[in-house]
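Structural characterization, general
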Amino acid sequence: TLADGWCRVKDTSRALDILRQMVESGIAPTKATYNIILKGFFRSGQLQHAWDFFLQMKKRGSNDENCKPDVVSYTTVLHELGVAGQLDKARKVFDEMSREGCKPSTATYNALIQVTCKKGNVEDAVAVFDDMIRKGYVPNVVTYTVLIRGLCHARKIDRAMKLLDRMKREGCEPDVQIHNVLIRYSFEEGEIEKSLDLFDTMSKGEECLRNQDTYNIIISAMFVRKRAADMAVAARMVVEMVDRGYL
């Protein structure tokens with residue numbers, strides 16, 4: 001839509017003009033249109049304007065269902081508030097949506113876990129994850145990725161590894177991004193053999209193929225200790241990268 005186009009170039013005033021023209025022409029804006037403009041305010045860094053627009057959506061939503069915030073609206077707001085460091089406010093928005101009859105989605109929980117890991121305490125993020133499970137939601141690869149990354153960043157590698165095992169047991173296949181995060185942080189913690197074991201497991205299944213970042217992490221780590229055996233591993237990695245077309 002035109003509104004989306006203006007939002008993408010961060011010209012929210014033009015997007016609002018489109019919205020006004022639609023209303024004046026008797027064309028009812030859809031919920032998607034309102035969500036596009038809401039996200040546009042956040043994208044352009046207009047946090048207060050975004051919040052005010054969200055409040056207007058809630059106010060007008062009592063009379064116009066198309067304007068009433070939905071799960072996409074709430075997820076956008078709580079995520080962007082969290083990214084901006086307003087974690088308490090983001091949590092209040094999350095708590096409010098259920099009271100307003102708007103059921104959170106897995107994406108909503110993922111957003112809350114992600115911002116809690118980045119701007120808050122990873123233990124609080126784990127609590128959100130546990131609450132998600134308790135309420136019957138099924139975590140997806142994004143859920144596990146953001147929480148494993150958060151645990152690794154907090155130097156809780158063993159717990160991140162246990163979460164990886166749980167993920168596999170639940171039938172959710174870890175992707176290359178999760179493996180790369182675990183390999184990188186394990187190396188940083190001096191767990192060289194654990195990292196190499198993770199690297200080896202990736203070659204056993206076609207679901208998770210190594211990418212260029214995987215090889216770069218291994219090669220960089222091998223040059224830290226500079227042992228003869230490590231140099232041999234690094235050389236083997238370079239050969240594999242050439243064979244796979246990465247070099």
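The structure under discussion appears in the preceding block.
Numbering of residues begins from 1 in every chain and follows the order in which that chain's sequence is written. Residues qualify for local features only when their pLDDT is at least 70, as the model is predicted, and side-chain atom pairs are given and counted only at 80 or more; totals for whole chains, interfaces and linings, by contrast, use all residues. Side-chain calculation: all heavy atoms of the structure are included, whereas hydrogens and water are not.

Secondary structure elements are defined from DSSP: runs of H or I of at least 4 residues count as helices, runs of E of at least 2 residues count as strands, and each element is numbered from the N terminus. Per the secondary structure count, the chain includes 14 helices and zero strands. Helices and strands appear in the chain in the N-to-C order α-α-α-α-α-α-α-α-α-α-α-α-α-α. Radius of gyration (C-alpha) of the chain: 23 Å, far over the 18 Å computed for a compact globule of 247 residues. Projected onto the principal axes, the alpha-carbon positions of the chain cover approximately 75 × 40 × 30 Å. In this scheme, a residue with accessible area under 20% of its type's maximum is buried, one over 50% is exposed, and one in between is partly exposed, where area comes from a 1.4 Å probe on protein chains only. Here the chain, with 247 residues, has 45% of them falling under the buried criterion. Whether two residues are in contact is decided by their heavy atoms: any pair within 4.5 Å suffices. For the chain, restricting intrachain contacts to residue pairs at least 6 apart in sequence, the fraction spanning at least 24 positions comes to 55%. Areas reported here follow the Shrake-Rupley algorithm with a probe of radius 1.4 Å; residue values treat only the protein chains shown as occluding. Per element, the accessible surface of the chain, about 13,200 Å² overall, is 50% carbon and sulfur. Charge counting treats Lys and Arg as positive and Asp and Glu as negative, with His and both chain ends excluded. Charge placement uses NZ in Lys and CZ in Arg. For Asp and Glu, CG and CD serve respectively. Taking the 37 positively charged and 34 negatively charged side chains of the chain as two groups, their mean positions are separated by 3 Å. Our radius of gyration is a C-alpha quantity, and the globule rule it is checked against amounts to 2.2 Å times the number of residues to the power 0.38.

Attention now goes to helix α8 (residues 122-134). For a helix, the expected span equals 1.5 Å multiplied by the number of residues minus one. Look at α8: 18 Å from first C-alpha to last across 13 residues, which is about the 18 Å you get at 1.5 Å a residue. Turning to α8, its buried residues are Val122, Ala125, Val126, Val128, Phe129, Asp131 and Met132. Buried residues along α8 sit in contact with α6 (87-99), α7 (106-119), α9 (141-153) and α10 (157-169). Measuring from the side-chain oxygen of the N-cap residue of α8 to the backbone nitrogen of glutamate 123 gives 2.7 Å; that N-cap residue is asparagine 121. A positive phi of about 90° marks glycine 136, the residue just after α8. Any pair of nitrogen or oxygen atoms within 3.5 Å is treated as a polar contact; in protein, a donor-acceptor pairing is required on top of that, and neighbouring residues in sequence qualify only through side-chain atoms on both sides.

What follows deals with the nonpolar core. Nonpolar core, defined: a set of buried Ala, Val, Leu, Ile, Met, Phe, Trp, Tyr and Cys residues in which side-chain atoms within 4.5 Å join the residues together. Ranked by internal contacts, the top residues of the largest apolar core, which has 69 residues, are Ile113, Leu147, Ile148, Leu182, Phe187, Ile218 and Met222. Apart from residues no more than four positions distant in its own chain, isoleucine 218 is found in contact with Ile183, Phe187, Leu196, Phe199, Val233 and Met237.

Attention now moves to the packing of aromatic side chains. Geometry of aromatic contacts follows a simple scheme: Phe, Tyr and Trp rings, the Trp one being its six-membered ring, pair when their centres are within 6.5 Å, and the pair is stacked under 30 degrees between planes, edge-to-face over 60, tilted otherwise. A complete count under the given rule lists nine aromatic pairs for this structure. Pairing tyrosine 34 with phenylalanine 53 gives two aromatic rings, centres 6.3 Å apart and planes at 35°, and the pair type is tilted. Of this pair, tyrosine 34 sits in helix α3 (residues 31-43) while phenylalanine 53 sits in helix α4 (residues 47-61), and the two are 19 residues apart along the sequence. Note on tyrosine 34: relative accessible area 6%, which makes it buried. Chaining the aromatic ring pairs together yields one cluster made of Tyr34, Phe41 and Phe53. The aromatic ring of tryptophan 51 is capped on one face by lysine 89, whose charged end is 4.0 Å from the ring centroid. Over the ring of phenylalanine 199 we find arginine 210, and its NZ or CZ is 3.7 Å from the ring centre. Comment: the charge-over-ring label is applied if NZ (Lys) or CZ (Arg) is within 6 Å of the ring centre and within 35 degrees of the ring normal.

Position of serine 73 among the secondary structure elements: in helix α5 (residues 71-83). There is a polar contact of 2.5 Å between the side chain of serine 73 and the side chain of asparagine 35. Every residue in contact with serine 73, bar those within four places of it in the chain, is listed here: Asn35, Leu38, Phe54 and Met57.

Let's shift gears to a nonpolar patch on the surface. A grouping of Val238, Val242 and Leu247 is seen on the molecular surface, where their side chains present a nonpolar patch of about 260 Å² in accessible area. For valine 242, the location among the structural elements is in helix α14 (residues 228-243). By definition, no residue in a patch forms a salt bridge, and every one has over 30% relative accessible area; like charges are joined within 9 Å, nonpolar side chains (Val, Leu, Ile, Met, Phe, Trp, Tyr) within 5 Å. What counts as a salt bridge is simple: a side-chain nitrogen of Lys or Arg found within 4 Å of a carboxyl oxygen of Asp or Glu.

Okay, a positive patch on the surface next. Residues Lys118, Lys119, Arg149 and Arg184 make up a contiguous surface patch of positive charge. Here arginine 149 shows up in helix α9. Assessed through its relative accessible area of 34%, arginine 149 is described here as partly exposed.

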